[in-house]
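Close look at the chain arrangement
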Amino acid sequence: MLSFSLSSLESLYLLCLVLFWLVSTSIFLYKKLRCAVIRIIRMLPKSLFFLPAWQRNIRDPHDPDEFSRCLFYSPPRCGHNAVCINNDLIIWGGYNESVFGHAEYSRVYELWVYNMDNDYWFCVGTEGKYPTARSGAVSVLNFPYWYIISGYSCNGDKSDTHVLNLFTLRWDELITAGKMSERDKASGWFWRERIYIFGGYGPRPKEVVWKDDEDVFTIELSTNRGWNNQLIYLDMDEKRWKRPDVLGLKPLPRAAHTSTMVRNSIYIFGGRYKTERMNDLHCFDLVHDRWSGSIKCYGELPCGRSWHSMSKILDSHLLLFGGYSSDNQPLEDAWLLNLDSYSWQPLVRKTGFPRLWHTACVNCHGDVLAYGGASSDIADSRVPLEASSKVIFFKTQPFSLQRLCLHVLYKNKVQTGDLWDSLPYDFREWLHYRCQFRLILSPDYYEHCVELGFGPSLSALSIVTPESAKRLNAARNGSSVDSL
């Protein structure tokens, strides 16, 4: 009879292997389950508006605030932060110029939300340990957590990290080990439980995570602040700031640039360094921690700029809009960058909407929604700041047939309303949500919220146009008009 026995050392080795397999499998399944749950949660509800915490904290726009104002639309601002969740464009922070010519920061406890298909703004309050009022902060989303990092406040540059739970609308300050240098106008992104920060403008780094032989800081003597090209990340498991060991040629120091994620790569474009506003393109490979160096691009190149936006509209195309030129002019052009050929193509040279220090986000339909920003020379103290509250819409493809049909049904709800119950559930839900928004958020006066930068005509959707806004407001003192 064949028999064998294991030594205690061999038994311990087998036990370790089994435990390692169990732990690895559990971690793998947990991550897969977490991703699946988040995907499901992101689908429902169709708008954050209907979450319980949002319903409790929604502000009645008809109630005057402490300044005796009734606000139905987001106030103008620049230097703010924005994210898109499904079809909701969410705005926080930034500033505008007061009537006395001083910076007036937006309220830190408020979020403003715009849903393009419902064509309404609404304001919601938040709780917890808010960030201090600021502009030029880094915004990073790992749904349902929205991180606001660094920025510039009335007390100078910041390096703190705050996080907003978008389910509960509660802020917390994230206490981290190590320290990132104070800065504003940096860029950031989330990847594999890390928050990366690149570049920015701020005071000379002291007693922070920094490596003099690799991280470059260039001071501007007139402000005693300067530009850097540091790449740093926050390890979310350890809550510690770290520097990755990177390969390749790093970009020059810069601020007010953009970073756009496409699959496992980050594309850095433009920004200001010293007196130059650049138009160079760099790629950072997140898997191999390797910089590409400056990428040679083809075709007609956009001029150098800072305070612009760049959005991914396809895995192969990025959309560049606006910014601030080297001759201190707000820009109003839009460009497409083909990442397969690294070729630039002007999309529209004059949108009619010069913008700088705005935001641009992509919603669930693939619409690029550029919000806010300044349309004046922001560096000239003699010129009043002209901040915007408009959403500028870009789309390089037609509206989907389903979307068009739903808006046609809504615009003709008097004739079609009795038939809605025979539609599929998702269609009924969308139409009923649209009606609920109309009833709950009906403003005392109408404004058109969206301007067309490039794309299909907005008249195909059931949104307020400049003409219909005039007609609706004129009817306020007369008979009821409900054409939308």
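1. A word on a nonpolar patch on the surface
- On the surface, a nonpolar cluster with roughly 500 Å² of combined accessible area is contributed by Leu15, Val18, Leu19, Trp21 and Leu22.
- Tracing the sequence through the fold places Leu19 in helix H1 (residues 8–43).
- Leu19 sits in the partly exposed class, given a relative accessible area of 46%.

2. Some points on the pattern of salt bridges
- Overall, the coordinates contain 25 salt bridges when judged by the stated rule.
- Two residues, Lys129 and Glu173, come together in a salt bridge whose shortest N-O distance is 3.1 Å. Taken together, the residues Lys129 in the loop between strand E7 (127–128) and strand E8 (138–142) and Glu173 in strand E11 (residues 170–173) connect sequence positions 44 residues apart.
- Across the pair Glu238 and Lys242 runs a salt bridge, and its minimum N-O distance is 3.2 Å.
- On the basis of relative accessible area, Glu238 is assigned to the partly exposed category, the value being 48%.
- Each of Lys211, Glu214, Asp215, Arg243 and Lys250 takes part in a single network of salt bridges with overlapping partners.

3. So, unusual backbone geometry
- Look at the link from Phe143 to Pro144: it is a cis peptide, with omega at 10 degrees.
- By secondary structure assignment, the location of Pro144 is in the loop between E8 and strand E9 (145–153).
- Unlike most non-glycine residues, Arg192 shows phi in positive territory, near 50 degrees.
- Along the chain, Arg192 turns up in the loop between strand E12 (187–190) and strand E13 (194–198).
- Look at Arg192 and you get exposed, because its relative accessible area is 58%.

4. Some remarks on helix H5 (residues 425–440)
- With 16 residues, H5 extends 22 Å between its outermost C-alpha atoms, agreeing within 8% with the 22 Å of an ideal straight helix rising 1.5 Å per residue.
- Those residues of H5 that are buried lie in contact with strand E6 (120–125) and helix H3 (401–411).

5. Digging into the side chain of His162
- Secondary-structure assignment places His162 in strand E10 (residues 156–165).
- We classify His162 as buried; its relative accessible area is 3%.
- Here His162 is in contact with Lys129, Tyr130, Pro131, Arg134, Trp146, Tyr147, Ile148, Trp171, Asp172, Glu173 and Leu174, once residues within four sequence places are set aside.

6. Some thoughts on the nonpolar core
- By size, the foremost hydrophobic cluster in this structure holds 52 residues, and its most contacted members are Trp54, Leu89, Ile90, Leu111, Trp121 and Trp146.
- The element contributing the most residues to this core is E6, with 5 residues.
- In terms of nonpolar packing, the next biggest core, distinct from the first, is built from 16 residues, Tyr147, Leu174, Phe190 and Ile232 among them.

7. Observations regarding the layout of surface pockets
- Roughly 760 Å³ of internal volume is contained in the second largest pocket.
- Along its surface, the second largest pocket is lined by 30 residues, and Tyr95, Trp307, Trp357, Ile378 and Ala379 are the ones closest to its centre.
- Taken together, the residues of the lining of the second largest pocket break down into 15 nonpolar, 6 polar and 9 charged.

8. Re the packing of H3 against H5
- It is the contact of H3 with H5, at a shortest axis distance of 10 Å, that shows an interaxial angle of 50 degrees. If you check the angle between H3 and H5, you find them oblique. When the axes of H3 and H5 are compared, the crossing they make is right-handed. Contacts between H3 and H5 involve Gln402, Leu406, His407, Leu409 and Tyr410 on the former and, on the latter, Phe427, Trp430, Leu431, Arg434, Cys435 and Arg438.

Parameters at a glance
- Residues numbered from 1 in each chain as written.
- Predicted model: local features only at pLDDT ≥ 70, side-chain atom pairs only at ≥ 80, totals over all residues.
- Heavy atoms only, no water.
- Patch = residues over 30% accessible without salt bridge, like charges linked within 9 Å, V, L, I, M, F, W, Y side chains within 5 Å.
- Areas by Shrake-Rupley, 256 points an atom, 1.4 Å probe, with all protein chains shown as cover.
- Salt bridge = Lys/Arg side-chain N within 4 Å of Asp/Glu carboxyl O.
- Helix = DSSP H or I, 4+ residues; strand = E, 2+ residues; numbered from the N terminus.
- Buried < 20%, exposed > 50% of the residue type's maximum accessible area, 1.4 Å probe, protein only.
- Expected span 1.5 Å × (residues − 1).
- Contact = heavy atoms within 4.5 Å.
- Core = buried A, V, L, I, M, F, W, Y, C linked by side-chain atoms within 4.5 Å.
- 1 Å grid on protein atoms, 1.4 Å probe; cavity = no way out; pocket = protein on both sides within 12 Å on 5 of 7 lines; lining within 4 Å.
- Points joined across faces, edges and corners; volume = space filled by probe spheres on them.
- Nonpolar A, V, L, I, M, F, W, Y, C, P; charged D, E, K, R; others polar.
- Axes fitted to C-alpha atoms, helices over the stretch in contact; angles between N-to-C directions.
- Parallel < 35°, antiparallel > 145°, perpendicular 65-115°, else oblique.
- Left-handed = near helix turned anticlockwise from the far one by under 90°.

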